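Report on the structure
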Amino acid sequence: MSGEASPNLDAALIYAHRGWPVIPIHSVQDGHCSCGRAACSSIGKHPRTAHGLKDATVEEAQIQDWWRLWPDANVGIVTGNQSGLVVLDIDPRNGGADSLTDLQGRNGALPKTIQSLTGGGGHHFFFQHPGGIVKSKPIVKGVDVKADGGYVVAPPSTHGSGERYRWNSLRNPDDVVLAALPVWLRAQLIQRVESLPKPSTGTFPGKIHQGQRNKTLARIAGAMRRHGADEATILQSLKAHNRQHCDPPLSE
Ligand SMILES: [Zn+2]
């Protein structure tokens with residue numbers, strides 16, 4: 001085994017040096033998952049180690065040990081606060097491509113950032129974690145956010161389709177800067193993660209009238225802060241609420 005080249009090990013070490021904790025993931029051979037279960041529902045996508053994500057590390061010795069044990073293990077990168085990454089996962093088989101077109105049509109194009117192609121026709125867009133808590137969850141049809149508590153399978157892992165994951169050649173991590181999470185997406189994630197508090201007066205989400213405006217916006221800000229939103233996200237959200245719900249809007 002020693003001396004045998006493992007492109008997956010090389011990649012895992014590069015990611016670790018970048019500060020992205022990695023875990024070994026089951027691999028795919030002839031369409032079968034290395035876990036050996038005929039009915040595996042997550043072929044080549046689930047962790048190989050006993051404690052899964054909790055085992056993630058940037059320590060070279062541990063990474064060497066894992067890939068000595070399983071030279072063809074796929075590479076998982078942990079998302080969320082641990083790595084500073086939020087990944088937008090587009091799955092075209094579930095309508096993700098259309099959803100992405102729709103999202104960009106309403107909010108503007110995603111900024112240039114690191115991007116990988118899954119072996120199954122999907123895309124992973126990598127962004128800076130904004131701080132606080134961003135939960136991993138679906139946001140619209142075929143579009144998932146991978147953040148705290150999540151991970152992504154990374155190049156050059158093998159996909160169930162037989163293809164390998166790869167970096168978009170014009171969007172690879174060596175050449176492209178990790179973009180900030182777009183503001184509209186941050187705002188949406190915070191709202192999705194913790195639905196915004198409703199005031200006891202029952203006037204929200206309708207109009208917020210003079211005399212209630214400051215108090216209501218302060219209550220929203222307080223709740224977002226408690227849930228870990230950063231100031232920029234809070235400000236953005238308050239401005240949107242002010243414009244949409246305050247009658248008349250407070251001056252910004
Ligand atoms: Zn499996």
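In this text the structure is predicted, and so the values were computed from the model without any measurement. (Residues numbered from 1 in each chain as written. Predicted model: local features only at pLDDT ≥ 70, side-chain atom pairs only at ≥ 80, totals over all residues. Heavy atoms only, no water.)

1. Observations concerning the sheet that holds strand β1 (residues 22–25)
Backbone-to-backbone hydrogen bonds pair the strands of a sheet. The strands run either parallel or antiparallel. Put simply, the test is: Only when DSSP finds a minimum of two bridges between them are two strands counted as paired. Here a strand is any run of E in DSSP of at least two residues, a helix any run of H or I of at least four, and the numbering for each starts at the N terminus. Angles shown run from 0 to 180 degrees and are taken between the N-to-C directions of axes, each axis being a line fitted to C-alpha atoms and, for helices, limited to the stretch in contact.
Reading across the sheet, the 3 strands line up as β1-β4-β10 and stay open at both edges, with antiparallel pairing between neighbours. Lying at the two open borders of the sheet, with one neighbouring strand each, are β1 and β10 (151–154). Between one strand axis and the next, the sheet turns through 35° on average, direction left out of account. Two elements, strand β4 (residues 74–78) and β10, share 4 bridges in a ladder whose sense is antiparallel.

2. Side note on the coordination of the zinc ion
We count it as follows: The rule for donors is simple: N, O or S, within 2.8 Å of the metal, or within 3.2 Å if the metal is Na, K or Ca. Water isn't counted, so a site may look like it is missing partners. Irregular is the label for any site that misses the other tests, which are tetrahedral for four donors with all angles between 85 and 135 degrees, and square planar for four donors or octahedral for six when opposite donors exceed 155 degrees and the remaining angles lie between 65 and 115. Burial classes follow relative accessibility: with a 1.4 Å probe on protein chains only, a residue under 20% of its type's maximum area counts as buried, one over 50% as exposed, and anything between as partly exposed.
Here the zinc ion is held by Cys33 (SG), Cys35 (SG), Cys40 (SG) and His46 (NE2), and the distances to it run 2.0 to 2.3 Å. Considering all 4 donor atoms around the zinc ion, angles at the metal cover 105 to 114° and the coordination shape is tetrahedral. The motif formed by the donor residues of the zinc ion, counted along the single chain, is C-x1-C-x4-C-x5-H. Residue cysteine 33 is located in strand β3 (residues 32–33), and its partner histidine 46 is located in the loop between β3 and α2 (60–69); the two are separated by 13 residues in the primary sequence. The same class applies to cysteine 33 as to histidine 46, namely buried.

3. Here we look at the confidence of the model for the protein
Basically, it comes down to this: As a per-residue quantity, pLDDT reports the predictor's confidence and falls between 0 and 100. The contact criterion used throughout is that any non-hydrogen atoms of two residues lie within 4.5 Å.
Mean pLDDT over the protein works out to 86, with 81% of the residues at or above the 70 mark. In the model, residues 192–206 has pLDDT below 50 throughout and makes 26 contacts with residues more than four positions away in sequence or in other chains.

4. As for the nonpolar core
Test applied: To form a nonpolar core, buried Ala, Val, Leu, Ile, Met, Phe, Trp, Tyr and Cys residues must be joined to one another through side-chain atoms within 4.5 Å.
Ranked by internal contacts, the top residues of the largest apolar core, which has 24 residues, are Tyr15, Ile63, Trp67, Ile77 and Phe126. Top element by residues in this core is helix α1 (residues 7–17). It accounts for 6 residues. The contacts of tryptophan 67, once residues within four sequence positions are left out, are Ser6, Asn8, Leu9, Ala12, Ile23, Pro24, Ala73, Asn74 and Val75.

5. What about the packing of aromatic side chains?
Quick reminder of the rule: Note on ring pairs: Phe, Tyr and Trp rings are taken, using the six-membered ring of Trp, and paired if centres are within 6.5 Å. Classes follow the plane angle, with under 30 degrees stacked, over 60 edge-to-face and the rest tilted. Any Lys NZ or Arg CZ found within 6 Å of a ring centre and within 35 degrees of that ring's normal is scored as a charge over the ring.
Scanning all chains against the criterion turns up 4 aromatic pairs. Measuring from ring centre to ring centre gives 6.0 Å for tyrosine 15 and tryptophan 20, while their planes differ by 35°; the resulting arrangement is tilted. Classification of tryptophan 20 by relative accessible area gives buried; the value is 5%. The ring of tryptophan 20 has arginine 18 lying over it, and the distance from NZ or CZ to the ring centre is 5.4 Å.

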